[in-house]
Structures are given as structure tokens and as C-alpha cells.
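Listed below are the residues making up each chain.
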Amino acid sequence: MAAEPLTPNRRRELTRSALLDAAETVFAERGYEAAALDDIAATAGFTKGAIYSNFGNRQDLFLAVMGRHNQRLLDAYAGLLEKSTTPPDATAIARVWTEHELANRTMLALALEFRLRALRDEETGRLLAEFERQTEQLIARFVAKRLSDVSAAIDVPIEEFAAIVYAANQGLWQHVATCATKHPQLFETFLEVLMRGASADPAPARTSRRKASSRK
């Protein structure tokens, strides 16, 4: 296979990728505030000017690191849905989660940094909220497809159910990564429990309470 020509655009892509890789490592090791742009640039083999010319400033670089990871995660889940002729099972979904989340302690550190920044900075908060909205929509698509394929229903709105799944994903990621007890299958077990519940008809009593509550 012929090597891709090193055009100016390709050179810029390689520079940005190297800077993002370096920033991911340095931000995770030292934290957002303590990470020096000089050190990030040196780790990537460039001067600090390369960061300014490609990203602008520290916050833009950090957000680009998180954006790249988040997009890869969304693409992985979307690819799983698109390639499957039947709804993916818990094992397939958990495999994506393990490869992109659990196995990546560096990104866990950055995800926690991202959330702290979102609490303190309005613009970061908007960016995080948008990513989480996209993620919840993807989860809702999967749940709706599975329910349709097995002619089942749940007694909570799909969007609310998806938000619960996503919130549990975040909590399990932190717990499994830091807990002294090894829980390699915990997320898969969680998904299996959810899927078994989603395969059954909703309880009439709970459905009635839900409808009654929504009319108040």
C-alpha cells in the first residue's frame, strides 16, 4: 500500500494528533491547572507555539482531548448498533465499554477533570451537557430497538431510562476502576439485569402510578 502523501493538511493532522496524545497524558498525570503547556508541547516534540497555532489555549486543548475521546466512544456504540442485524447483547455492549472506558484509566482521570471544569465554567458545562445529551439519545435508540424487536415495554419513558443507564455507566466506571475488589463483569451484569427487566411487560400498578403522577 502506498504511503499517504505528506501534504500540509496531513502534516497538520499529525501535529494535532501528537499534541492531543501528549496533552491526554500530561493532563491526566498532573491535572488541568498544573499541566504546563511547555511540557505538553515538549512531550509531543514541538514548541508551545504549536499548541497556540492548532488549539489556541489550554482550555481549547483540553476540550479537544475530551472531544476526541467522546467522539470515539459515540462512534463505537453507533457502529455496534449499525453493524448488528439483531439488538446487541450485554456482552457486546460491555466489550465496547471495557475497551473505551474501563481499560482507559487516563481518560477516567480526564473525565473527572472535565466534570469539575463543567461545574466551574459555564462554557465547559454546555459542552459536557451536549455530549451527554447525544450519549443518552444513542442509548435510547438502542433500548427502543430492543423493545420493538422483542415486543416488550417498560413503564418509564425511554429517555429517562437511558439517562439512568448513562448515570450508572459513569458511577460504575469510577467504582470498578478504583475499588479494591475486582469487578470486571459488573457493567455486563448490570446490563443483563436491565435487559431482563426490559423484556417483561411493565407492572400495571407501577404504570398506573406513573400515569397518575404525570397528570398532576
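Residues numbered from 1 in each chain as written. Predicted model: local features only at pLDDT ≥ 70, side-chain atom pairs only at ≥ 80, totals over all residues. Heavy atoms only, no water.

Description of the packing of helix α4 (residues 58–83) against helix α5 (residues 90–102)
Move 1: In the contact formed by α4 and α5, the axes pass within 10 Å of each other and the chain directions differ by 165 degrees. One finds that α4 runs roughly antiparallel with respect to α5. Crossing of α4 against α5: the hand is right-handed. Between α4 and α5, the residues in contact are His69, Arg72, Leu73, Ala76, Tyr77 and Leu80 and Ala92, Ile93, Val96, Trp97, His100 and Glu101, respectively.
Move 2: Per-class residue counts for the contact of α4 with α5 are 8 nonpolar, 2 polar and 2 charged. (Axes fitted to C-alpha atoms, helices over the stretch in contact; angles between N-to-C directions. Helix = DSSP H or I, 4+ residues; strand = E, 2+ residues; numbered from the N terminus. Parallel < 35°, antiparallel > 145°, perpendicular 65-115°, else oblique. Left-handed = near helix turned anticlockwise from the far one by under 90°. Contact = heavy atoms within 4.5 Å. Nonpolar A, V, L, I, M, F, W, Y, C, P; charged D, E, K, R; others polar.)

Some remarks on the environment of Ala153
Move 1: Looking at the element boundaries, Ala153 is found in the loop between α7 (122–149) and α8 (158–178).
Move 2: Sequence separation of Ala153 and Val143 is 10 residues, and the distance between their C-alpha atoms is 9.8 Å.

Focus: the nonpolar core
Move 1: Grouped together as the largest cluster of nonpolar side chains are 65 residues, with contacts concentrated most on Phe27, Ile40, Leu61, Phe62 and Val143.
Move 2: Sequence-distant contacts of Ile40, defined by excluding residues within four places in its chain, comprise Leu19, Ala22, Ala23, Val26, Phe27, Ala35, Ile51 and Leu61. (Core = buried A, V, L, I, M, F, W, Y, C linked by side-chain atoms within 4.5 Å. Buried < 20%, exposed > 50% of the residue type's maximum accessible area, 1.4 Å probe, protein only.)

Side note on helix α6 (residues 105–120)
Move 1: The terminal C-alpha atoms of α6 lie 23 Å apart, and with 16 residues this matches the ideal 22 Å at 1.5 Å per residue to within 8%.
Move 2: Where α6 is concerned, the buried positions are Met107, Leu108, Leu110, Ala111, Glu113, Phe114, Arg117 and Ala118.
Move 3: Buried residues along α6 sit in contact with α1 (8–30), α4, α7 and α8. (Expected span 1.5 Å × (residues − 1).)

Observations concerning the side chain of Arg68
Move 1: Mapping Arg68 onto the fold places it in helix α4.
Move 2: When its relative accessible area of 15% is taken as the criterion, Arg68 is described as buried.
Move 3: Within the structure, the side chain of Arg68 is placed 2.8 Å from the side chain of Asp21, a separation counted as a polar contact.
Move 4: Contacts of Arg68, omitting those with residues within four sequence positions, involve Ser17, Leu20, Asp21 and Glu24. (Polar contact = N/O pair within 3.5 Å; in protein donor to acceptor, adjacent residues only side chain to side chain.)

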